[in-house]
Amino acid sequence: MKTTVAVVNEQGGDFSLEEIDLADPRADEVLVKIVATGLCHTDIHLKGFLPGEMFPNVFGHEGAGVVEAVGEGVHGIEVGDHVVLSFRSCRECENCKNDLVGYCDSSLLLNYMGMRMDGTTTYSRDGAPVFGNFFGQSSLSAYAIAYADNCVVVDKSVDLTKVAPYGCGFQTGAGTVLNVLKPTPSDSLVVFGCGAVGLTALAAAQHLGLRTLVAVDPIASRREAAARYGATGVDPTAEADVVAKVKELTGGGASYSIDTTAISAVVKQAQQSLKVRGTLVALGLGPDEYAIDAIDLLQTGKIIRSSIEGDSDPQEMVPRLIALNAAGEFDVDGLIATYPFSEINTAVADVLAGKVVKPVLVW
């Protein structure tokens, strides 16, 4: 079938709306008519990072839509179901069986290589392959092929425009707090970088009742958004010593810190802002190396770690967050700014400029 996609034709290129071919779903695949797709920094970063031979390529990994067709080998999903699309996992390796699906042994092949496991692509143009299958969906497309393991069926009353980002960005931020850090109300949390991931981490921390939250971001509107979750804002461009300020606000250092900026100097600040035996979770995608304060690390017992998708299983976390949102305990709807799908490059420019937190493209 023909479908309209936002294809990137060359490394670092803009998204181009074009009509290309989408293969029929195979026995293990699901055809989804996309209603909305969240735009994630990973989409923007990788279109300039992947090698040139992996283009043209269709990205998108926060899709939400309605099931149009189901392969005969797929169970638990029916035509007409509303689904949120997330990342893929094999569900068979040791990590998957231990509920660590983000660390699936086949994660690289299933999510990033641009093709099915047999080397074929779901998209083509004039008979030539177009890379896709990004996170098992490539949902910057009017129609997308997905799989049972990354399709989360949701109630038809749920607004798909609002829950599309739950498949990655919102799940990552909230999951880092709920699954990885698991703080108590007496703990403190500082977030460096208050985009979609950072702000949803603060929303989750507010749900858990943390009384001391700090948000470090140079953009005033994002500090204001963080304040709605009870966080005290710190402007790093106006503060002479960010680490000292965070320690002042947290009574000697934060119990936990999260970095979403992927800026090496900021990651070091996030480490230094911790109290003794505090934990930093670095979530930003960017440099090959981070500089750490080795003396501080060795003398304080601090932990520096990462997390994939907030250690979440989408089949559990997406419904959990939807339920919290419905109960008023995870109020993230206001972080979303919707754009017609045709305005994808405007959405990219706006999020990079800090004008919006989470662009969602709507068909």
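Above this text sits the structure in question.
Bear in mind the structure is a predicted one, so any value in this text is a computation, not a measurement.

A. Quick peek at the overall build of the chain. A tally of helices and strands in the chain yields twelve helices and 18 strands. Whereas a compact globule of 363 residues would reach a radius of gyration of roughly 21 Å, the chain reaches 20 Å, a difference of no more than 12%. In terms of overall dimensions, the chain has C-alpha extents of about 60 × 40 × 35 Å along its principal axes. In the chain, buried positions account for 55% of the 363 residues. Within the chain, counting contacts between residues at least 6 apart in sequence, those at least 24 apart form 67% of the total. Accessible surface, the chain as shown: approximately 14,700 Å² in total, 50% of it carbon and sulfur. Within the chain, the 45 negative side-chain charges are centred at a point lying 6 Å from the centre of the 26 positive side-chain charges.

B. Spatial organisation of helix 5 (residues 169-181). Helix length check: helix 5 (13 residues) gives 17 Å between terminal C-alpha atoms against 18 Å at 1.5 Å per residue, within 8%. For helix 5, the buried fraction is high: twelve of the 13 residues fall into the buried class. Following helix 5 by one or two positions, K182 has its phi on the positive side, about 50°.

C. Summary view of the sheet that holds strand 15 (residues 274-282). With respect to topology, six strands assemble into an open sheet ordered 13-12-11-14-15-16, the strand pairing being parallel. Taken across any chain shown, the strands that pair with only one partner, and hence form the sheet edges, are strand 13 (231-234) and strand 16 (303-306). Averaged over neighbouring strand pairs, the angle between their axes works out to 20° when direction is ignored. Looking at chain direction, strand 11 (residues 188-192) and strand 12 (residues 212-216) are connected through five bridges and run parallel. By the bridge assignment, V190 is partnered in strand 12 with V214. Helix 9 (residues 264-272) contacts strand 11, strand 14 (254-259), strand 15 and strand 16 of the sheet and is inclined by roughly 145° relative to strand 15.

D. Representation of helix 12 (residues 344-352) in the model. Looking only at helix 12, the buried set comprises I344, A347, V348, D350 and V351. Looking down the long axis of helix 12, one finds its buried residues gathered within 170° of arc, a one-sided arrangement. The inward-facing, buried residues of helix 12 contact strand 1 (2-8), strand 2 (16-22), helix 1 (41-46), helix 7 (220-227), strand 17 (336-340) and strand 18 (358-362). Backbone geometry just downstream of helix 12 places G354 in the positive-phi region, at approximately 80°.

E. Structural detail: the pairing of strand 5 (residues 63-70). Across seven bridges, strand 3 (residues 29-38) lies against strand 5 in antiparallel orientation. Across the sheet, T37 pairs through a bridge with G63, a residue of strand 5. Bridge count between strand 5 and strand 6 (residues 82-85): three bridges; the pairing is antiparallel. Residue V66 lies in a different strand from strand 6, and its bridge partner there is H82.

F. Summary view of the nonpolar core. Judged by nonpolar contacts, the single largest core of 48 residues is most densely connected at Y166, L189, L199 and L202. Setting aside residues no more than four positions away along its own chain, L199 makes contact with C194, R222, A225, A226, Y229, L335 and V357.

G. Looking closely at the pattern of salt bridges. Counted under the stated rule, the structure contains 13 salt bridges. Between R125 and E18 there is a salt bridge; the shortest N-O distance is 2.6 Å. Highlighted residues: R125 in strand 7 (residues 123-125) and E18 in strand 2, separated in sequence by 107 residues. Linking R116 and E29 is a salt bridge whose minimum nitrogen-to-oxygen distance equals 2.7 Å. Of this pair, R116 sits in the loop between helix 3 (107-111) and strand 7 while E29 sits in strand 3; the two residues are 87 residues apart in sequence, bridging distant segments of the chain. Each member of the pair, R116 as well as E29, carries the same accessibility label: buried.

H. Summary view of the sheet that holds strand 2. In spatial order, the strands read 4-1-2-7-8; together these five strands make up an open sheet with antiparallel pairing. Of all the strands in the sheet, the pair left with one neighbour each is strand 4 (57-58) and strand 8 (128-130). Strand direction decides the pairing type here: strand 1 and strand 2, joined by six bridges, are antiparallel. When the bridges of strand 2 are listed, V7 appears paired with S16.

I. Up close: the state of the cysteines. As enumerated under the stated definition, the model contains zero disulfides in all. C96 provides the cysteine sulfur closest to C93, a residue in no disulfide bond, and the two sulfurs are 3.6 Å apart. A relative accessible area of 11% places C93 in the buried class. Given the relative accessible area of 6%, C96 is considered buried.

J. Expanded view of the packing of aromatic side chains. Scanning the model with the defined rule gives eight aromatic pairs in all. Aromatic pair F55 and F59: ring centres 6.3 Å apart, planes at 55°, arrangement tilted. Take F55 and F59: they sit in the same class, and that class is buried. Where F59 meets F134, the ring centres are 5.1 Å apart and the plane angle is 85°; that geometry is what we call edge-to-face. Of this pair, F59 sits in the loop between strand 4 and strand 5 while F134 sits in the loop between strand 8 and strand 9 (143-147), and the two are 75 residues apart along the sequence. Here F134 falls in the buried class, since its relative accessible area comes to 3%. Here a set of aromatic residues connected by ring pairs shows up, and it is made of F55, F59, Y112, F134 and F135. Directly above the aromatic system of F15 lies the positively charged group of K47, at a separation of 5.4 Å from the ring centroid. Geometry around Y147 places R88 over its ring, the cationic atom sitting 3.8 Å from the centre.

The rules we used
- Residues numbered from 1 in each chain as written.
- Predicted model: local features only at pLDDT ≥ 70, side-chain atom pairs only at ≥ 80, totals over all residues.
- Heavy atoms only, no water.
- Helix = DSSP H or I, 4+ residues; strand = E, 2+ residues; numbered from the N terminus.
- Rg over C-alpha atoms; globule rule 2.2 N^0.38 Å.
- Buried < 20%, exposed > 50% of the residue type's maximum accessible area, 1.4 Å probe, protein only.
- Contact = heavy atoms within 4.5 Å.
- Areas by Shrake-Rupley, 256 points an atom, 1.4 Å probe, with all protein chains shown as cover.
- Lys, Arg positive; Asp, Glu negative; His and termini not counted.
- Charge placed at Lys NZ, Arg CZ, Asp CG, Glu CD.
- Expected span 1.5 Å × (residues − 1).
- Pairing = 2+ DSSP bridges.
- Axes fitted to C-alpha atoms, helices over the stretch in contact; angles between N-to-C directions.
- Arc of directions from axis to C-beta.
- Core = buried A, V, L, I, M, F, W, Y, C linked by side-chain atoms within 4.5 Å.
- Salt bridge = Lys/Arg side-chain N within 4 Å of Asp/Glu carboxyl O.
- Disulfide = S-S within 2.5 Å.
- Phe/Tyr/Trp six-rings, centres within 6.5 Å; stacked < 30°, edge-to-face > 60°.
- Lys NZ or Arg CZ within 6 Å of the ring centre and 35° of its normal.

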